[in-house]
Structures are given as structure tokens and as C-alpha cells.
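# Coordinate inspection notes
Residues per chain are reported as follows:
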Amino acid sequence: MQTMQPSIMLGSYVWAQDRLPQDEFVLRLDDLRAAMARHAWQAVFVYGDAREHAGLAYLSNFIPRMRWGMALLPRAGEARLLCSMSTRDLPAMRTMTWISDVQSGWGPEWEKAFDPWVDRLKSERTVELGTFGFDLMAPALHEQVRRSLGDRFRLQRADDILAIPGSRKRPRELTMIRASCKVLEAAAKTFVESWRNSQEPESAALDAERVARSFAAQDVRTLISLDGGRTLVPYQGRFEKTAGPLVGYIAVKVLGYWADMLITVNDRSATPASRHAEAALDALVANVRPGARSGEIYANAIAALRPFTLHPVLGESVGHGIGLSLHEQPEFRAAGDSALVEDGVYALQVGIADAESGHVLLSAIVRNTANGAEVLARSPSLEAA
Amino acid sequence: MSIRLHWARRPAAGSSDAIGVHAMNERAIVRNSRLIRATRHLQDEALDGLIAASNGLNNFLDSNAVYVLGGVRPIGESALVLDRDGASTLIVTPAWDVERAAALSSTDDTIGTDDLVATLASVVGTHRLDLSRTVSVGLSLLGQGLLDRIGSALRTLPKTADELVRDLARVGTAEELAAAERATWIAERGYARLLEYARPGLREFELAAELYCFMKKLGAEDNFLLMSASQHNLAVRAAGERILDVGDIILSEITPCYRGQFVQICRTTVIGEPPPLLREKFALLQAAMREGLAAGHAGARVADVTRAINGVFQKAGYGDYCRPPYMRVRGHGLGITSDRPGDIVERNERVLESGMVFVMHPNQYIPESGYLMCGETVVVADERARSLSARPAQLDVIAV
């Protein structure tokens, strides 16, 4: 789910070397270096910003809390990381990445930090460079990169050539995602309990956030419904009691990895809508297996929802990949034809908006295994709730 | 998917700010006055229209043109189209956010979409904008990929007028000043909570989490919160995993946002009794703050305020340290309304105007004490700048 982007991400982003030691990044860079050799790239530039930084985080562990960061990764030689922060802030930035050469690329610092580094790559022939994430880059910075490179270098968009991060999660990534799911479930439990005590969805969301942050969540996003689940809204600051079920959403990021959950708690007896939503989520989970097609999974979930239709807040999708980005490929849509991979991790989401039968939103996070889906987190059961 | 909601509350073009807006809430009236001023600007400059855009990132140092004109803090990428007759349309992503946006927006129409590019092209067509006589604000903040697609869909990009909206909003309205005062109240309560909650053994991130949630409960919709500790700080940074200890100097830059108005207070707190030298050096920052407040009157130049602050440090022998990495700036404007008057630096020749709100912070690294912080959100008045804080920064002590 898309949520309001905070002005800064608050949690601790110091490189956890015990959980992600340097050798992990050596392994992660192997695929990239192979691609560099295949495409004759002398270096790749990996850009990320505060909102979308999966590729940058995967390769460097650096997550820009605000503005942007860019890793300059050569085929041979020392990497450099540029961040859009003042020189005053560099000591703190250096604690967030395995790259020892961290420089400010902000404002007038750009030319001092970027130009000398690329000068090392100069050759008599045009130098080929790969780029990741440049679509996200603001035009002024894009122009600055081009100006600095001049006609000695040629940029090739690498996003479509190599998926970084890949769909198949590495073992250490799975460990991080499990840790994230654990924090998510603790926060979701608080979400429900607090709502039961207060009937205030915003207070419940804030209590859940507090619990997640106390468990070292690096980021927490919430949405709540003030109209029984028909729509979702970000923080409003009203803290009002509302009638009807609790319908909300929470996402937590732990050690760089996201986990999220849709929550519906209705203290009345189960409605046809809630039964169909549960059945659709079961169908989604049951259909996850290596090689399954995303469009096929979508179709099966929609069939299980009938006669109801998919909740509009889901944007005609019943899930997607999740990991360093809250929203990774593939997207489970009608037209989707991506094959699910073993050790892929997916957020599966279903919901119904029905004025008579009620509004429901449910989800699960699963790991795809050779034996089918391993559920890592799932919305509290409607009946148990 | 696109969903359009129509809000029949547009005043007639050329009418006074209040005419035709009686049904709007107070916030929408304020925003609408900015829409009307923007419309007048288009008419005065013989322009056909304006396209404002937001990338959905909420930078506390930047003006968000969609918020200023439309009154909506967008979740995702968004745009606002205004034509010279005063007709306006807000486009928000994702599509499901349309009802919230329409309830807050001061535009005539609000459209929720998952395809900003196609919807923007369609809305530009509906408003019959001649793009050769249209200006844009904030398109330069969008990603290059999205901007390229917008350029293809519109067949051209309007010329950039990124200063327009921040200039229109450079002096806050009474409602924005009230929001700044409320935000400062929240910040001061947040700091009081820090004094209650911080103790040896607590991790920085735990303290930051408590402060963040505490201020959110008080109404802070966002918070650019930096909070870190060390026995000798080089700068303030975001909270990490350090365990607080006796003798630590906790630096906090508390920056809540209330109704679109960020404010900031900067504080220095010691765990345990500080040495006299620390008090002596902190007094330099307080003196610099007093000089800055006195210099920050309407009509003064930002450069003069900066020099007044730097002068205190220079006189004390720290002239070499009045530059990065020993400090960054002596203050700055605050988003997301308008970031005027800009950074408080010696090269900024902008003239202060009565009612401008910004943060003034003579934060400084001093070799003997490390980095120290002292800062308040201030409003420019005729005689001097006035701090919005009830209690000015002191060197506070957490007893152990």
C-alpha cells in the first residue's frame, strides 16, 4: 500500500555487520560484476532516494533517510558513495555502509566528489557505464551527471538488463524478512488490542507504531479507516472514536526489509464478505508455488471473491513482491504473466468493499518454497478476532 | 483507474478572496487565497496557466507547491492545474486517496488516478492550456523518468517558474502562524518529554521513538527528528543504537509539522552535571542567538543576521569554525508552505519581511566541547525577530 512519506526516516540505520557482514555484499556484487563484464561497463551508478532505494540498499546497505544517495561501483578499484548531505553529516553517513569512501554530492560538493572519481575511468575510447534507478533522479541532478561525464562516457540503462535486487531472496535476506515479520506481528497485535480498549483507530495505529519502533523498526507506516473500511486515510491527528470494525494497515521495516499487513477486526459475527475474503486469501496462499503465473494467481483470487469484487484501495492488484522495497515486482494483476520463483517473498492482499455485507481487507506474507507457500505473517483471523 | 470528484466552490475569477468561498472551511479559504493570487499572477503576466507538481516526498526544507495551492499534503506524486480564469483541478495518486484529497482541497475538481501522466494530459486539455504560455512549479522535483513521460504526453514541457509559489507564500497567513505556534508548543512538549524519559541505559533509537510517538499524539503529522548523543559530538545525526551514558551530551533537533507548517527547536542536554567549560561554551550559542534575534528585524538582510551570529563566535576565537563541517547554516526557512527566506548564510541577500517564519540556530562545533545546539523558530517583526518558544534553549541537565 502506498502511504505518506515522512520527512525523515527515524530508526537506526547503522550497518549491522553481524547480520550483514561484508562477505554478503561481495556475494551480492558478483552478479553485478558479471553483468559489467558482459556489457563492458567500466562502472555502474546505482541511485536511490528516501522513498525508493532497494537497489542502492541491496548493494551498499546505504538507505538515504532523506533526499538521495548514489553508489559508484567500478569494475575494478574502490567504490565511492555519494550522499545528498552536508559535509558535516558525513561521519554519520559512513556508519551506514560497507563503502569506506563516502562523500557529499550535495550542491557545490558534487564536482569535487563525482568528477575526480570518474576521471579514473577515462580511456581513449568512449567508456560504457551502467545505471540503475536513474528514472527516479531529479532532472537537475540528471543534467549534472551528464555535464560531468561529457562525451567521454556513455550511459546505459541497466534496470531492464539485471534485476537488483533479484526476485529470489538470499538466505540472509530471508532472515531479515522473518525478523521484520516478527515485529510486524507484535505491532499488529497491539493495533487490535489498543483498538478494543479505545475504539480509536488512530490511537491504536500509534500504539502499534510505538511497539514496532521500540523493537528497532527503522520505519513504520500506517493507514486507518474512519468509515468502517470503505476508504483508508493516513494520519489525521483526530484520535476520535469510530463505530464499526477496525480496518487498517501497518508496514514495518527492520534491518532494511519491509513486512506489511492489512487488518480487519469485526466483533460481530462473520459476514458473507468476510468469509469470501478469507477464502480468497486462502486461495492466494494455496496458489503460490514455483513457476505459478502472477495473472493466474490473480484470477483465482478474484474467483474466490465472487460475487464480491476487489476492494478499490488495492488498485486492481492482489499482491506483489516485498523486501527492501515495500512494493517489488511482480505485481499480481489480471494481465500479469511473471513466474513466481522459489525463495521469492510476496505480500498477498485481498479485500471487499460492500455497503451491505461490510468492508474487509486481509493479507499475508509468504515465502515461495518447493512445497508451496510458507506463511511468514498473516492478518489476524476474522473469527478469532 | 481514475476517479473525479467535483467541488462546487470556486470563486468567480477576479472576485475578492472571500467572495464565493463561504462554504469552504478556514483552511481551504487560506489556500484559495493563494490560488486567487496565483490566478492574478497569470493574468498580470499574460500567462495561460500553471502546472504545479509534487513528488510526494515531504522535505521540511522545501515548499510543496501542491500543498500551498491545493491545501492537500499528497501521498504520492500529484499535480495541480490552474488556468487564467481561476479554474483549478487537483490530481492525486493513488486513486483511492481521492476522497480525502477532495475533502481538503480548495480546487474545483479533484481527481484520483493511478496514471498521473495520462490524467494530467487530459486535464491540461480540459483547461485548454496553451503550453507555450503556461508555467510549471515543482516539475523539476519529479523523477526524470516521470518527467520524460509527462513531456511526451504533453508534447512539450512548460517553462519553469519554481520560485513562484514559494514567493506567494513567503509571508505566512495568520492561520499558518497559528499552526507554527501550535507546532512549537508540540516541540517544546516533546523536549520536556525528553528531559523526563532520557536516562543512562536507554538506546538512542528508543528515546527517538518515544519522542516521535509522543509528539504525534499531540498532533504532529510529521517530524524531522534528529537526536543523538556522544561525550563529544561532531554534529547532530539521526538516532542510532548508542546506549546513553553519564556524561553524554544529547543533541536534539525537534522538528514537528502541524497543518503543513514545520517548526524546529534545537536543544542540548547533558546527562549528569556538566563541567563549567561546557556551560561557558553553551553561553556563546545563547549570546549568538540573542544577536541574531536583534538583527532579524523586518528590512534586514539575511546576510546581516548571519554576520551578527557569526560575530559572536569570531570574537570568541572560533572564526575558523564558522563553516562546514563545523556547522551547516545559521538557520533556514521551513516547509512545506514556503522555505523563504532560505538558508541563513552570509551569501543570502534576501530582505526579511514582517511575518516571515524561519528557524534561527547558531549550532556550532567548538573544539573544547564538541557540537552544541541552540535554536528557535522565529517570526520576523518590525523591531526584531521573535522566538515562538515559551522557554529559550538552555543547557539542560538530566540528574543521575
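Conventions used here
Residues numbered from 1 in each chain as written. Chains lettered and ligands numbered in written order. Predicted model: local features only at pLDDT ≥ 70, side-chain atom pairs only at ≥ 80, totals over all residues. Contact = placed C-beta atoms within 7 Å. Helix = DSSP H or I, 4+ residues; strand = E, 2+ residues; numbered from the N terminus. Nonpolar A, V, L, I, M, F, W, Y, C, P; charged D, E, K, R; others polar. Core = buried A, V, L, I, M, F, W, Y, C linked by C-beta atoms within 7 Å. Buried ≥ 20, exposed ≤ 12 C-beta atoms within 10 Å, placed from the backbone. Pairing = 2+ DSSP bridges. Domains from an automatic or database assignment. Axes fitted to C-alpha atoms, helices over the stretch in contact; angles between N-to-C directions.

This part covers the interface of chain B and chain A. In this complex, chain B contributes 44 residues to the contact, which on the side of chain A involves 44 residues. With eight residues, the top contributor of residues to the side of chain B that touches chain A is helix H8 (residues 204-217) of chain B. The class makeup of the residues in the side of chain B that touches chain A is 23 nonpolar, 10 polar and 11 charged.

Counting 245 residues, the largest nonpolar core has Val-44, Ala-71, Ile-250 and Val-252 of chain A together with Ala-52 of chain B as the members making the most contacts within it. With 10 residues, the top contributor of residues to this core is helix H6 (residues 171-198) of chain A. The contacts of Ala-71 of chain A, once residues within four sequence positions are left out, are Val-46, Leu-56, Leu-59, Ser-60, Phe-62, Ala-79, Leu-81 and Ile-99 of chain A.

Here is the key point about a regular strand: its side chains alternate between the two faces of the sheet. All names here are of chain A. In terms of burial, strand S1 (residues 41-49) is largely enclosed, as eight of its nine residues are buried. Two elements, S1 and strand S2 (residues 68-74), share seven bridges in a ladder whose sense is antiparallel. Each residue of the ladder has a partner; that of Gly-48, found in S2, is Gly-69.

Attention shifts here to the domain arrangement of chain B. Residues and elements named next belong to chain B. For chain B, the domain assignment lists domain 1 (2-168) and domain 2 (174-398). Contacts between the two partners involve 14 residues from domain 1, matched on the other side by 15 residues from domain 2. Of all the elements in the fold, those that place two or more residues in the side of domain 1 that touches domain 2 are helix H1 (26-44) and helix H2 (65-70). Counting residues per element, the side of domain 1 that touches domain 2 draws most heavily on H1, at three residues. Of the residues that constitute the side of domain 1 that touches domain 2, the class distribution is five nonpolar, four polar and five charged.

This brings us to the domain arrangement of chain A. How big an interface is tends to be stated in terms of the accessible area lost upon association of its parts. Residues and elements named next belong to chain A. You can read the domains of chain A as domain 1 (22-157) and domain 2 (171-378). Taking the mean C-alpha position of each, domain 1 and domain 2 sit 34 Å from one another. Taken together, the six residues of domain 1 in the interface contact six residues of domain 2. Within the side of domain 1 that touches domain 2, the residues separate by chemical class into four nonpolar, no polar and two charged.

Below, the discussion takes up the sheet that holds strand S14 (residues 331-333) of chain B. Residues and elements named next belong to chain B. The strand order S14-S15-S18-S19 describes an open sheet built from four strands, whose pairing is antiparallel. Edge positions in the open sheet fall to S14 and strand S19 (385-387), since each of these has one partner strand only. If you compare each strand with its neighbour and ignore which way they point, the axes differ by 35° on average. Pairing of strand S18 (residues 376-380) with S19, which is carried by three bridges, proceeds in the antiparallel orientation.

This paragraph deals with the sheet that holds strand S9 (residues 226-230) of chain B. Residues and elements named next belong to chain B. Strand order in the open sheet formed by four strands is S9-S10-S13-S20, with mixed pairing between adjacent strands. The open sheet has two edge strands with one neighbour each: S9 and strand S20 (395-398). Neighbour to neighbour, the strand axes of the sheet diverge by 25° on average, direction disregarded.

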